[in-house]
Amino acid sequence: MSKSTPSFAFYPQDWLVGTARLSLRARGLLITLLAQSWCQGAAALPAPDTPAHITELCRLTGLTRAEWRRIWPEVADKFQTRADGRLVNAKLEAIRERGEEYRAQQAAASAKGGAATKAIWQQIRRTPRPTGGKLGRMKEAHDEFAKRRRP
């Protein structure tokens, strides 16, 4: 299983345009291969260049060899064979890369924001309280936080 997100962006307009000339069985094969590739990682699919690889692909997709031979030519142009002999879909890999970049940016922003908030709360806890009670401390914390958030 891939360590990335368990889902990928699916754009219905792109799918309908990109698969308009495919048979229903070919569309089923394509989405199954894309899902397998996403879940198992970029190098999950072997190129169908040997009988053993075709057997593995049939197992992953639930097709017989005869069905594979009939349907694969319709979707073959949606995949490229890498130097290591694995199949990849360029569009799916671009989506994977964008998602990983976005998650890295969000994690960096979260760490930065979390550190600032933690520092504010630590300073507030160290500051003597002129007013007592929980409500007074909450108001002070809110005021201090709001003051620091203003540019």
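Numbers given to residues run from 1 along each chain, matching the order in which its sequence is written. pLDDT decides what is reported in this predicted model: residues at 70 or higher carry local features, side-chain atom pairs at 80 or more are listed and counted, and totals for whole chains, interfaces and linings draw on all residues regardless. Neither water nor hydrogens contribute to the side-chain values; these are computed over all heavy atoms in the structure.

**What about the overall build of the protein?**
- Helices and strands together make up the secondary structure of the protein, namely 6 helices and 3 strands.
- Along the protein, from the amino end to the carboxyl end, the secondary structure elements read α-α-β-α-α-β-β-α-α.
- Restricting the calculation to C-alpha atoms gives the radius of gyration, and the globule rule supplies 2.2 Å times the number of residues raised to the power 0.38. In terms of overall dimensions, the protein is more spread out than a globule: its C-alpha atoms have a radius of gyration of 26 Å, far above the 15 Å expected for 151 residues.
- Principal axes of the C-alpha set define a box for the protein whose edges measure 80 × 30 × 25 Å.
- Only heavy atoms matter for contacts: two residues are in contact if any of them lie within 4.5 Å across the pair. A sequence separation of at least 24 residues applies to 60% of the contacts in the protein between residues at least 6 apart.
- The protein chains shown are the only cover counted for residues, whose accessible areas, like all others here, come from Shrake-Rupley with a 1.4 Å probe. Looking at the protein as shown, the accessible area adds up to about 10,300 Å², and 59% of this sits on carbon and sulfur atoms.
- Across the protein, 27 positive and 14 negative side-chain charges occur, with their mean positions spaced 9 Å apart. Numbering goes from the N terminus for both helices and strands, where a helix is a DSSP run of H or I of at least four residues and a strand is a run of E of at least two. Counting rule for charge: Lys and Arg are taken as positive, Asp and Glu as negative, and neither His nor the chain ends is counted. We put the charge of a Lys on NZ, of an Arg on CZ, of an Asp on CG and of a Glu on CD.

**Quick word on the packing of aromatic side chains**
- Note on ring pairs: Phe, Tyr and Trp rings are taken, using the six-membered ring of Trp, and paired if centres are within 6.5 Å. Classes follow the plane angle, with under 30 degrees stacked, over 60 edge-to-face and the rest tilted. Following the criterion strictly, the structure yields 4 aromatic pairs and no others.
- Working rule: Lys NZ or Arg CZ, within 6 Å of ring centre, within 35 degrees of ring normal, means a charge sits over the ring. A cation sits over an aromatic face here: R96 above W38, 4.6 Å from the ring centre.

**A closer look at the nonpolar core**
- Counting 23 residues, the largest nonpolar core has L29, L33, W68, W72 and F79 as the members making the most contacts within it.
- If you list the elements that add at least two residues to this core, you get α2 (24–40), α3 (51–61), α4 (65–75) and α5 (90–126).
- In terms of residues, this core owes the most to one element, α2, which gives 6 residues.
- The residues contacting F79, other than those within four sequence positions of it, are L30, L33, L34, L45, W72, L87, V88 and N89. Among buried residues, those of type Ala, Val, Leu, Ile, Met, Phe, Trp, Tyr and Cys that are joined through side-chain atoms within 4.5 Å constitute a nonpolar core. Three labels apply to residues, based on accessible area from a 1.4 Å probe with only protein chains included: buried if under 20% of the type maximum, exposed if over 50%, partly exposed otherwise in between.

**Considering α2**
- The span expected for a helix works out to 1.5 Å for each residue beyond the first. Taking 1.5 Å per residue, 17 residues should reach 24 Å; α2 reaches 24 Å between its end C-alpha atoms and fits that length.
- Among all positions in α2, only A26, L29, L30, L33, L34, Q36, S37 and W38 are buried.
- The secondary structure elements touched by the buried residues of α2 are α1 (12–18), β1 (45–46), α3, α4 and α5.
- Note on α2: the residue one or two positions beyond its end, G41, has a positive phi of about 105°.

**Brief notes about the sheet that holds β1**
- The strand order across the open sheet built from 3 strands is β1-β3-β2, with neighbouring strands paired in antiparallel fashion. Of all the strands in the sheet, just β1 and β2 (80–81) have a single pairing partner and so form its edges.
- Sheet topology places β2 next to strand β3 (residues 86–88); 2 bridges connect them, and they run antiparallel. By the bridge assignment, T81 is partnered in β3 with L87. By the convention used here, strands pair only if DSSP detects at least 2 bridges between them.

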